[in-house]
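An overview of the molecular structure
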Amino acid sequence: MACEPQINPSGATGPLSASSTGWNALSVGSPPGWGQELHNGQVLTVLRIDNTCTPISFDLGAAEEQLQTWGIQLPADQYRSLAESALLEPQVRRYIIYNSRPMWLAFAVVFYVVVWANIYSTSQMFALGHHWVGVLLVTLAAVSLTLTLVLIFERHQRKANTNTDLRLAAANRALLRHRVLLGVTDTVEGCQSVIQLWFVYFDLENCVHFLSDHVQEMKTSQESLLRSRLSQICVVMETGVSPTLAVEGHEDLLEETPLLPDGPQSQERPLMQTELRQLISDAEPEEMAQQLLAVFGGYYIRLLVTSQLPQATGTRHTDSPRVPCPCQLIEAHILGTECCSSLGR
Ligand SMILES: [Zn+2]
């Protein structure tokens, strides 16, 4: 996927100088009332919160007040709990820290030192061990391996992230009709991990129509390809199982029963099972189009605000000729014949 620096809506990364403690809401668009209309891809506001060990919560009320100045009324009861539960669970917050860029760079430095030392100590067994040419070769080999690791990480960053992007699907589904999409990014300030929740304006009516027609066309002429693509858009879910049902209805589970008696802790642990759940269900084309936009809305917003969107040759529903709109991204990289380089499983 070819990437180059692209538009940064309304100077989105400009005024990100929030206080280092607690949350802060920043309006990154121009103030309303200046005769300007909202345009697709315009960042309305960003909520920032320090990713600490203590329980945290977004002050979504502050963001809602910001959006009201743009004339946008968000349904608090429909999206608040969905957004917070998607991002603020301890497991998700730990994942964000361990997958942040500074953490990976620190890992790359450690990796380089260990690889260099290992190759050098191995080379001592050969004649070129103490020669400067030997040291140079060792360094080049270590640098090459480290660069490969960094490139793998950069590629990983451009994939849809099941643990952050796709978890916003339910919240984005609730916000579609209000012309707002949520996306999440993370950064590090000093030694503090910071989560950023982006509220971006998008009127997706035209994207829904395009995708709806595209899905209808695929259902007619490329149904197997459509099924194949949609089957890859799934997540692994862990769900609780009733012990009674497990005994009566699922004999397979008996094979997984431990031979040794359970300890006091394991007796309290609920019985869990994992299942593969498809995120896009077979429905009317318009419904499927909305599902696709909701599922990949968070992914699109993350790429948009970090200038990682692939360059487009002519856009459909955004003002910038180089920035693809969500339906273009979904058509090219999720439903297209050359899919699914951008998908994460
Ligand atoms: Zn579109």
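Note that the structure is a prediction, hence the values are computed from the model and not measured. (Residues numbered from 1 in each chain as written. Predicted model: local features only at pLDDT ≥ 70, side-chain atom pairs only at ≥ 80, totals over all residues.)

1. A look at the overall build of the chain
A count of helical and extended segments in the chain gives 13 helices and six strands. Looking at the chain as a whole, 29% of its 345 residues qualify as buried. For the chain, restricting intrachain contacts to residue pairs at least 6 apart in sequence, the fraction spanning at least 24 positions comes to 69%. (Helix = DSSP H or I, 4+ residues; strand = E, 2+ residues; numbered from the N terminus. Buried ≥ 20, exposed ≤ 12 C-beta atoms within 10 Å, placed from the backbone. Contact = placed C-beta atoms within 7 Å.)

2. Quick notes on the UniProt feature "transmembrane region" (unreviewed entry) in the chain
UniProt's entry tags residues 103–120 and 132–153 with the feature "transmembrane region" (unreviewed entry), counted in the numbering of this structure. End C-alpha atoms of residues 132–153 are separated by 32 Å, and the span's content is 100% helix alongside 0% strand. (UniProt positions renumbered as here; feature names shortened; annotations may be inferred.)

3. Some details on the packing of helix 7 (residues 205–221) against helix 12 (residues 285–305)
Axis separation between helix 7 and helix 12 bottoms out at 8 Å; the angle between their running directions is 120 degrees. Considering the angle they form, helix 7 stands oblique to helix 12. Considering the relative orientation of helix 7 and helix 12, their crossing is right-handed. Residues Cys-207, Val-208, Leu-211, Ser-212, Val-215, Gln-216 and Lys-219 of helix 7 pack against Pro-285, Glu-286, Met-288, Ala-289, Gln-290, Leu-292 and Leu-293 of helix 12. For the contact of helix 7 with helix 12, the residue count by class is nine nonpolar, three polar and two charged. (Axes fitted to C-alpha atoms, helices over the stretch in contact; angles between N-to-C directions. Parallel < 35°, antiparallel > 145°, perpendicular 65-115°, else oblique. Left-handed = near helix turned anticlockwise from the far one by under 90°. Nonpolar A, V, L, I, M, F, W, Y, C, P; charged D, E, K, R; others polar.)

4. Side note on the confidence of the model for the chain
Mean pLDDT over the chain stands at 77; residues scoring 70 or higher make up 77%. Looking at the elements of the chain, mean pLDDT is at its lowest for strand 1 (residues 24–26), recorded as 40, and at its highest for helix 12, recorded as 93. Long-range and interchain partners of residues 341–345, a stretch whose pLDDT sits below 50, account for 15 contacts in this model, where long-range means more than four residues apart. (pLDDT = per-residue confidence, 0-100.)

5. With respect to the environment of Pro-102
For Pro-102, the position within the fold is in helix 4 (residues 101–123). Here the alpha-carbon distance between Pro-102 and Val-188, two residues 86 residues apart in the chain, equals 7.3 Å.

6. Points about the pairing of strand 4 (residues 192–201)
Most of strand 4 is tucked away: nine of the ten residues are buried. Summarising the sheet, strand 2 (residues 42–50) and strand 4 pair through eight bridges and their orientation is antiparallel. Residue pairing in the sheet places Thr-45 in a bridge with Phe-199 of strand 4. Bridge count between strand 3 (residues 180–189) and strand 4: ten bridges; the pairing is antiparallel. Looking at strand 4, one finds that Leu-182 is bridged to Phe-199. What sits between the antiparallel neighbours strand 3 and strand 4 is a turn of two residues, in which Gly-190 has the positive phi angle 65 degrees. (Pairing = 2+ DSSP bridges.)

7. Looking at unusual backbone geometry
Glycine aside, residues mostly have negative phi, and peptide bonds are mostly found in the trans state. Phi at Arg-179 is positive, roughly 60 degrees, even though this residue is not glycine. Among the structural elements, Arg-179 can be located in the loop between helix 6 (169–175) and strand 3. You can call Arg-179 partly exposed: it has 17 C-beta atoms within 10 Å. If you check the backbone angles, Ser-307 has positive phi at about 55 degrees while not being a glycine. If you trace the backbone, Ser-307 turns up in the loop between helix 12 and helix 13 (326–335).

8. Topic: the environment of Ala-62
Summarising the element assignment, Ala-62 is placed in helix 1 (residues 60–69). Residue class for Ala-62 comes out partly exposed when judged on the 15 C-beta atoms lying within 10 Å of it. C-alpha separation for the pair Ala-62 and Leu-47, spaced 15 residues apart in sequence, amounts to 8.4 Å.

9. A short note on helix 12
The terminal C-alpha atoms of helix 12, which comprises 21 residues, lie 29 Å apart, in line with the 30 Å expected from a rise of 1.5 Å per residue. At Phe-296, helix 12 is deflected by roughly 45 degrees, the largest bend along its length. In terms of burial, helix 12 is largely enclosed, as 18 of its 21 residues are buried. (Expected span 1.5 Å × (residues − 1). Bend = angle between axes of the 7 residues up to and from the residue.)

10. Digging into the environment of Val-184
Inspection of the secondary structure assignment puts Val-184 in strand 3. Expressed as a C-alpha distance, the spacing of Val-184 and Arg-48, which sit 136 residues apart in the sequence, is 9.9 Å.

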